[in-house]
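Each chain, letter by letter, is given below.
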Amino acid sequence: MAEWVEVVLRVLVVIAAFLVLPLLVGQTEHKAMAHMQSRVGPMYAGGFHGWAQLVADGVKFAQKEDVVPAAADRTVFKLAPAVALLPYLVAFVAIPVGPGLVGQDLDLGLFFVLAVMSVGVLGSLMGGWASANKYSLLGGMRIAAQLMAYELPFVLAAVSPAMAAGTLSLTGIVEAWQWWWLLWQLPAMVVFFVAGLAELRRPPFDMPVADSEIVFGPYTEYTGLRFALFLLAEYAGIVLLSALTAVLFLGGWQGPFEGALGWLWTLVKTGVVAFVVIWARVAYPRLREDQLQSLAWKVLVPVALAQLALTTVVAVA
Amino acid sequence: MSAVEVLFALLGLVAVGSALLVVTTARLVHAALWLVVTLGALAGCYLLLAAEFVAWVQVLIYVGAVVVLLLFALMLTRAPTAAEAGTVTANRPLAAGLAVLVAAALVSSLVAGFRDVRIDLDDSVVGSAETTGEALFTSWVLPFEVLSVLLLAALVGAIVLSRSTRGGGR
């Protein structure tokens, strides 16, 4: 009975984190981006520096009419936001926050997270095709092309710390982590982070949703709650990518006072990486399609392969 | 029947049902999406057979990459969401007959070869990453290397085909 209660508790905590952390990142983006652009951002909702802005946005989304275009493929169109969002929720289960503080500690944790994350893109592709809109379709094609280019360096870079630690378990990788991995695994970390940004279609890799060219890509025809689900998926993706970077490359809960404050270290490191994700959006202009492809194939893949070779030599020696 | 067996049978039913839908649906993109369901159900079957590693590889490679590639190709060639005519050729009965024959051959050889093999589900290391890796790089290392050479040949072939610069045409 106690075991059963624990499973339910763990699932509830994961769902709560899944709903709260993306909103936190979203609010930080509102404020940080505003200040970087010499604005103040939301100030009124909730009273104190607009802290309730995203809650208000959520209420607004829920009130909007749910429109499905006449020519759209109704079932696929309606299913797409769920397909985009659910994989991230499932992947959250395997992310360790502290020793033992994990939804479900899997032997193949890293592989599980990568596999499940790769399913999420299907939602955007489904939305892009089913909307029966040429901008959506173009966005869908751009997503597919981008994903195929960046999936390879993403997985290759993630393999490097797993090889160094000798395990695919995320908890095991954190436990094997040493501070000098920061230097030694730096190329893999950069490749992982950049390829992750591209997989999430975050700026500067937001060709698929480039608003000045193709309106909003695959999400053009979505309104109300379904659109909000796509947005939530994007921010959940940021949290997941940041948490994975923190766990794989930054040592997760390792740090001073890790016995008592380990979970806080993981969250702080995740938060710092998430801030860099936001920063990149403000700092860099959008990459063109050919620049995207050559960055993936001519820079990231070779760097990831070289890092793998280096890791192999050090791990075997 | 135990819960695992019931679950396995259900997943098998889902896999077969969605596989039939893949070949009967009138819209090609729907076929690709039903293929996702088939491959996902197969991954579930692998999980229940304690082949954890194979299950996640199935999801990562087939659902995450192969189907995305398929959808990309379909989006390039067919934009309309309406049902398409003319996607069925006269070869259909022939193809169906061939598929049944192949299925019969595969099923009979599997049943003949593994009739008495039982997996102990309590011993969960049967298909973990460690055991899979060890088997792959000890007893199966030669077939593994031969396959990688085959893939390399296919890669080189693809590059040669896509560079249509015969006589410096570019």
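Up top you'll find the structure we're talking about.
The notes below deal with the structure included here.

Rules used throughout
Residues numbered from 1 in each chain as written. Chains lettered and ligands numbered in written order. Predicted model: local features only at pLDDT ≥ 70, side-chain atom pairs only at ≥ 80, totals over all residues. Heavy atoms only, no water. Contact = heavy atoms within 4.5 Å. Buried area = accessible area lost by both parts, 1.4 Å probe. Salt bridge = Lys/Arg side-chain N within 4 Å of Asp/Glu carboxyl O. Polar contact = N/O pair within 3.5 Å; in protein donor to acceptor, adjacent residues only side chain to side chain. Helix = DSSP H or I, 4+ residues; strand = E, 2+ residues; numbered from the N terminus. Nonpolar A, V, L, I, M, F, W, Y, C, P; charged D, E, K, R; others polar. Phe/Tyr/Trp six-rings, centres within 6.5 Å; stacked < 30°, edge-to-face > 60°. Buried < 20%, exposed > 50% of the residue type's maximum accessible area, 1.4 Å probe, protein only. Lys NZ or Arg CZ within 6 Å of the ring centre and 35° of its normal.

## Considering the interface of chain B and chain A
So, step 1. Opposite the 26 residues of chain B that make contact, chain A presents 27 residues.
So, step 2. Overall, the association of chain B and chain A removes approximately 2400 Å² of surface from exposure, summing both partners, and the carbon and sulfur fraction of that is 82%.
So, step 3. Linking chain B to chain A there are zero salt bridges.
So, step 4. At the boundary of chain B and chain A, one finds one residue pair in polar contact (both at pLDDT 80 or more).
So, step 5. For the side of chain B that touches chain A, the element with the highest residue contribution is helix α3 (residues 52-77) of chain B, accounting for 15 residues.
So, step 6. Residue composition of the side of chain B that touches chain A, by class: 19 nonpolar, four polar and three charged.

## Things to note about the packing of aromatic side chains
Residue and element names in this part refer to chain A.
So, step 1. Using the criterion set out here, one finds 16 aromatic pairs over all chains in the structure.
So, step 2. Here Phe 154 and Phe 192 contribute two aromatic rings whose centre-to-centre distance is 4.7 Å and whose plane-to-plane angle is 15 degrees, an arrangement assigned as stacked. Note that Phe 154 is positioned in helix α6 (residues 134-165) and Phe 192 in helix α9 (residues 186-199), a separation of 38 residues in sequence. The residues Phe 154 and Phe 192 share a single accessibility class, namely buried.
So, step 3. Through pairs of rings, three or more aromatic residues link up here, namely Phe 61, Phe 77, Phe 216, Tyr 219, Tyr 222, Phe 227 and Phe 230.
So, step 4. Directly above the aromatic system of Phe 61 lies the positively charged group of Lys 60, at a separation of 4.9 Å from the ring centroid.
So, step 5. The ring of Trp 177 carries the charged tip of Lys 269 above its face, separated from the ring centre by 5.6 Å.

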